[in-house]
Amino acid sequence: MPVVATERYGSLESWKYQLKDGVMEREREGGNGGTTRKNIIGVFKAFSSSLSGTLATQASLRGVGVGNQEATVAAATITWLLRDGTGMLGRILFAWLKGNKLDSEAKKWRLVADVLNDIAMFMEILAPNCPTFFTLIVCSAGIFKSIVGVAGGATRAALTLHQARRDNMADISAKDGSQETLVNLAGLLVSLILIPLVTDNPLLTFVLFFLFTILHLFANYKAVRSVVMETLNEARLAIVLHQYLRDGRVLGPLEANHKEPVFWEFRRTVPIKLGVRLGELVYTSEDLNLAMKNNHKPFLIGVKRGSVCVCLGTDASVCDEIRAVCQAVCLCTVLHPVSPLEGALKQLSMSHSNNHWELVHESHKLMDQIFQPFLKALEVAGWQTSRTLLDWNEWRVEWKKSS
């Protein structure tokens, strides 16, 4: 039967209309199993975290003296205030130090937030068993939880923005919050059964906590892995560019996201500093002339103090930003290859001796050859090139050629 029309409801399910004896029949075509799977994983993640939080709260209350006739209200209040105060300081410091990383590395920080949350709850459960260090332990847990609050809230906003396909971020946030509230309500009902069992039974408390933590971390890892973002950050752009230089193929968002690391890698690499001050790249008029050689784009790039530094001009476009990062990735790969170089990168590595400026000049020529075809291939593959999640600092530079 010929299909005359199709329709879908969001990304959950689709239907098709077929003609049969002049009558249109509606038949389900399929559903998005990936979306359903993400929702199930999210339910398990929130449920296990809610139960672990109940165990941690019960331990904290026992630690400050609830049920202990010798405990004083003043001592408990001071402990609580110290915990809250250190948490506030931790929140301020973390937002200042790492706030600019939460957009570009949302997956990593989402995972880190949940790991730190589990560590903080473990410390709260452990604290009553170490009365001498109780205040120190709960204050440390408060710092971890403050980081969780900043990183978790910020990355949730970034991921919600990604999921708002129809610019309906408020709707998505409301429904996500309602789903989490429902799961937490179910966790609350189960907690009413658990609390009498774990009271005065530290061994059972730890056993249940570790079971819930394993479930929580596994569900969170699967949830982060299932996110497919079409915007380019440094890691995804590097993965796609290396594949393109290797065989001319541009990976789509699904393939690149599956290859993107969600844990920090501790191997030695050449750092990339985006949007630096001019003084970090150029020391003399000769350096400025060398930085502008073979370069007609609104950015300056060079290698200084073991890092690839990029100064961005005030009139740079998003495409210029993508090109600058592509060039920086090529330079990093040549300066410290983690595997044998192939193709264009191998030729680039052979074009210089120990002179980093010669390498930069040759990389300008390489970008002139490959960037426009690469940019068009990105758009065809489904990547967004109108906006990025590249980690640029706020410095912008206007320069003139030195005499």
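Details of the structure are given in the entry above.
What you see is a predicted model, and the numbers here were worked out from it, not measured in a lab. (Residues numbered from 1 in each chain as written. Predicted model: local features only at pLDDT ≥ 70, side-chain atom pairs only at ≥ 80, totals over all residues. Heavy atoms only, no water.)

Asks: Residue-level account of a nonpolar patch on the surface, with values.
Replies: Together, Val4, Leu19 and Met24 give the surface a local cluster of nonpolar side chains, amounting to about 260 Å² of exposed area. Mapped onto the secondary structure, methionine 24 falls in strand S3 (residues 23-31). Using a relative accessible area of 49% as the deciding quantity, one classes methionine 24 as partly exposed. (Patch = residues over 30% accessible without salt bridge, like charges linked within 9 Å, V, L, I, M, F, W, Y side chains within 5 Å. Areas by Shrake-Rupley, 256 points an atom, 1.4 Å probe, with all protein chains shown as cover. Salt bridge = Lys/Arg side-chain N within 4 Å of Asp/Glu carboxyl O. Helix = DSSP H or I, 4+ residues; strand = E, 2+ residues; numbered from the N terminus. Buried < 20%, exposed > 50% of the residue type's maximum accessible area, 1.4 Å probe, protein only.)

Asks: Break down the pattern of salt bridges for me, citing the residues and quoting the values.
Replies: For the structure on display, the rule yields 11 salt bridges. Arginine 83 serves as the salt-bridge partner of aspartate 84, at 3.7 Å between the closest nitrogen and oxygen. Where glutamate 255 meets arginine 249, a salt bridge forms, and the shortest distance between an N and an O atom there is 3.4 Å. When salt bridges with common partners are traced through the structure, they connect Arg83, Asp84, Glu124 and Lys145 into a single cluster.

Asks: Before we move on, could you go through helix H8 (residues 234-247) and cite the residues and values that matter?
Replies: Residue pairs three or four apart in sequence face the same way in an α-helix, which turns once every 3.6 residues. Here H8 is 14 residues long and its end C-alpha atoms lie 20 Å apart, about the 20 Å a rise of 1.5 Å per residue gives. If you check which residues of H8 are buried, you get Arg236, Leu237, Ala238, Ile239, Val240, Leu241, Gln243, Tyr244 and Leu245. The elements touched by buried residues of H8 are helix H4 (106-126), helix H9 (253-259), helix H11 (318-335), helix H12 (343-349) and helix H13 (356-381). Count one or two residues on from H8 and you reach glycine 248, which has phi positive near 80°. (Expected span 1.5 Å × (residues − 1). Contact = heavy atoms within 4.5 Å.)

Asks: Any chance you could break down the packing of aromatic side chains for me, citing the residues and the numbers?
Replies: This model, assessed by the stated rule, comprises 7 aromatic pairs. Ring geometry for phenylalanine 122 and phenylalanine 206: centres 6.1 Å apart, planes at 65°, overall edge-to-face. Of the two residues, phenylalanine 122 sits in helix H4 while phenylalanine 206 sits in helix H7 (residues 202-225), which places them 84 residues apart along the sequence. Their ring planes at 10° and their centres at 5.9 Å tell us that tyrosine 221 and phenylalanine 263 sit as a pair that is stacked. Of this pair, tyrosine 221 sits in helix H7 while phenylalanine 263 sits in the loop between H9 and strand S4 (272-274), and the two are 42 residues apart along the sequence. Grouping aromatic residues by their ring pairs yields a cluster made of Phe122, Phe206, Phe209 and Phe210. A cation over a ring is seen here: arginine 83 above tryptophan 80, with NZ or CZ 4.3 Å from the ring centre. (Phe/Tyr/Trp six-rings, centres within 6.5 Å; stacked < 30°, edge-to-face > 60°. Lys NZ or Arg CZ within 6 Å of the ring centre and 35° of its normal.)

Asks: Explain the side chain of aspartate 391 to me, and be specific about the residues and the numbers.
Replies: Looking at where aspartate 391 falls in the secondary structure, it is placed in the segment after H13. A polar contact of 2.7 Å, which involves the side chain of aspartate 391, links it to the side chain of lysine 101. Every residue in contact with aspartate 391, bar those within four places of it in the chain, is listed here: Asn100, Lys101, Ser104 and Leu274. (Polar contact = N/O pair within 3.5 Å; in protein donor to acceptor, adjacent residues only side chain to side chain.)

Asks: An account of the pairing of strand S5 (residues 299-304) is needed here, citing residue identities and associated values.
Replies: Across the 6 residues of S5, 6 count as buried, placing the element largely inside the fold. Taking every second residue as pointing to the same face, both faces of S5 are buried, with Phe299, Ile301 and Val303 on one and Leu300, Gly302 and Lys304 on the other. Bridge analysis of S5 against strand S6 (residues 307-312) gives 6 bridges, and the strand direction is antiparallel. From the neighbouring strand, valine 303 faces S6, where its bridge partner is valine 308. Where S5 folds back onto S6 in an antiparallel hairpin, the turn is made up of 2 residues, including arginine 305, whose phi is positive at roughly 55°. (Pairing = 2+ DSSP bridges.)

Asks: Explain the packing of helix H2 (residues 73-98) against helix H5 (residues 134-163) to me, and be specific about the residues and the numbers.
Replies: Running from N to C, H2 and H5 point in directions that differ by 40°, and their axes come no closer than 7 Å. Judged on the interaxial angle alone, H5 and H2 are oblique. For the element pair H2 and H5, the recorded crossing hand is right-handed. Listed contacts from H5 to Thr79, Leu82, Arg83, Thr86, Gly87, Gly90, Arg91, Phe94 and Ala95 of H2 are Phe134, Thr135, Val138, Cys139, Gly142, Ile143, Ser146, Ile147, Val150 and Ala151. Taken together, the residues that form the contact of H2 with H5 break down as 10 nonpolar, 7 polar and 2 charged. (Axes fitted to C-alpha atoms, helices over the stretch in contact; angles between N-to-C directions. Parallel < 35°, antiparallel > 145°, perpendicular 65-115°, else oblique. Left-handed = near helix turned anticlockwise from the far one by under 90°. Nonpolar A, V, L, I, M, F, W, Y, C, P; charged D, E, K, R; others polar.)

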